[in-house]
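Per-entry structural report
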Amino acid sequence: MDNKLGDKGSPDHSGKSSFWKKNMKTVPGIALRPSPVKESRSSHHHSSSSTTMSFQDFQESVSDAWDLGDEETNQSSNVHISKQAAQSAALDVINHHKKSHESQYLYSKSNSVPAISSVHTKIVSNSKSQTNSSDSSSRRPLNQNHKLNFQNSESNTSKLAKFNTLLESPLLDLKELRRLSWSGIPIEVRPMTWRLLAGYLPASTERRRPTLERKRQEYWNFIKQYYDTDRDENYQDTYRQIHIDIPRMSALVKLFQQKTVQEMFERILFIWAIRHPASGYVQGINDLVTPFYVVFLQELLPPGGDIDALEVDSLPKEQRDNVEADSFWCLSNFLDGIQDNYIFAQLGIQTKVNQLKELIQRIDGTLHAHFQKHGIDYLQFSFRWMNNLLTRELPLRCSIRLWDTYLAESSSFALFQLYVCAAFLLNWQQDLLAEQDFQGLMLMLQNLPTSNWTDSDIGVLVAEAYKLMSLFADAPNHLQSSTSTR
């Protein structure tokens, strides 16, 4: 099988797209689908040439699992942010926007649950400027902004000073670091903060340098043992598939088309695959490497440096090696927190998709009924959201800001992401209700216009997600199948 986690896959011999490289026992699931051909802006929305697609075009059996892995983790890294800390951070974000959007971001700390109609509050974002006509065809999303353009709107002198004080303390207060990180991390301290939040580095300042040196050397020992030698025949297919996939990664982002960068990603993915033999190489996992890679690469830029213009092979080899090793270890630790998504038949993801359906049905029955009327199954769009953590739906700069909160949530982020997906979907309610057929809805859901989103939009998104989780996560008639509660 030969296609990506997202929508970049190539069809197999049957003409259908599939999810994993391996083809094991047939099991129920959802795979990737051929995207409907977009109509030009000048064409009529209900053109007779439009292709009608059914759920069967999107459905494929999948099979795989991840092992538990054996990377070292800090016991302290398992401590998730408290409800009070997350609530405080969410309130900070909401209050930040309250002046300009007073009527939209009211938050109650009482135990009473407001009427369902008051739960859905629209994210006010730059994306709204991308819709300029009442005609549904004008709502086709614009081309993605493929510049990384990192502008950290969360950064300010006071917040940066708080981070520096925490990071320089002899024994880090990880709980306070999570609380402070939840609403966004300044660029200047993001690399070190991510290493700590991911459990890659210990809380003790004295132990960090020795730990970095040891783990980096351990990674390069893996390279010497498995990558730079004659590979076992069992690994040849894995390497060949990675080697094919990497050049197709983020084709419009210049950074990821550099040969040196592609070679670094090949090694990261290959070593990850052989250390997780239960799943092997998962096509598309490169999407989950990119945030770590870019953040650690940014650490090497001079102040005001442009990462889009960076030639990675111009960096000293030691610096490149460190970025690669750190990306590998942080990815490995991060994925350990969502391994239930990738057990046999992806039951974890299927459960979360069903939970999202139940949640939207309860919050916004009109939107849910609209999906049902036009044959939209939540698996058709939200499977990718759950699998790729919205990296295919957001500009990379926004994904990185979102991962500030995900890493701050620690072991609870998988549950939190469910509510992020719900808030993300509800943001587009009016546009989705305006679409009156299956193809129009799927085109919208697959190409949501987020190219102009900023840190501010993500800040409101996670605040809305936290509000939804506070209202519904413990509700007796919701998420009955959920096994993890706050």
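Reference entry: report on the structure contained in this document. (Residues numbered from 1 in each chain as written. Predicted model: local features only at pLDDT ≥ 70, side-chain atom pairs only at ≥ 80, totals over all residues. Heavy atoms only, no water.)

With that settled, the discussion passes to the nonpolar core. One broad trend across soluble globular proteins is that nonpolar side chains are buried collectively. If you look at the biggest cluster of nonpolar residues, it comprises 124 residues, and the most contacted ones within it are Phe256, Phe371, Tyr406, Tyr419 and Leu425. Among the elements that make up this core, the one with the highest residue count is helix H14 (residues 413-427) (13 residues). In contact with Tyr406, other than residues within four places in its own chain, are Phe334, Leu389, Leu390, Phe413, Phe416, Gln417 and Val420. (Core = buried A, V, L, I, M, F, W, Y, C linked by side-chain atoms within 4.5 Å. Buried < 20%, exposed > 50% of the residue type's maximum accessible area, 1.4 Å probe, protein only. Helix = DSSP H or I, 4+ residues; strand = E, 2+ residues; numbered from the N terminus. Contact = heavy atoms within 4.5 Å.)

A positive phi angle, close to 55 degrees, is found at Leu389, a residue other than glycine. Among the structural elements, Leu389 can be located in the loop between helix H12 (379-388) and helix H13 (396-409). Accessibility expressed as a relative area gives 0% for Leu389, which makes it buried. The phi dihedral of Leu390 is positive, around 70 degrees, even though this residue is not glycine. Summarising the element assignment, Leu390 is placed in the loop between H12 and H13.

Once that is clear, we can look at the side chain of Arg267. Looking at the secondary structure, you find Arg267 in helix H7 (residues 259-274). Leaving out residues up to four positions away in the same chain, Arg267 has contacts with Tyr219, Trp220, Ile223, Tyr227 and Glu324.

Once that is clear, we can look at the packing of aromatic side chains. Under the criterion given, the structure shown has 28 aromatic pairs. With a centroid separation of 4.6 Å and an interplanar angle of 35 degrees, the aromatic rings of Phe334 and Trp403 are classed as tilted. With Phe334 in helix H9 (residues 317-336) and Trp403 in helix H13, the pair connects residues that are 69 residues apart, well separated along the chain. Aromatic rings pair up to connect Trp194, Phe292, Phe296, Phe334, Trp403, Tyr406 and Phe413 into one cluster. If you follow Lys215 out to its NZ or CZ, it ends over the ring of Trp329, 3.7 Å from the centre. The cationic tip of Lys317 hangs over the ring face of Trp220; the distance from NZ or CZ to the ring centre is 5.6 Å. (Phe/Tyr/Trp six-rings, centres within 6.5 Å; stacked < 30°, edge-to-face > 60°. Lys NZ or Arg CZ within 6 Å of the ring centre and 35° of its normal.)

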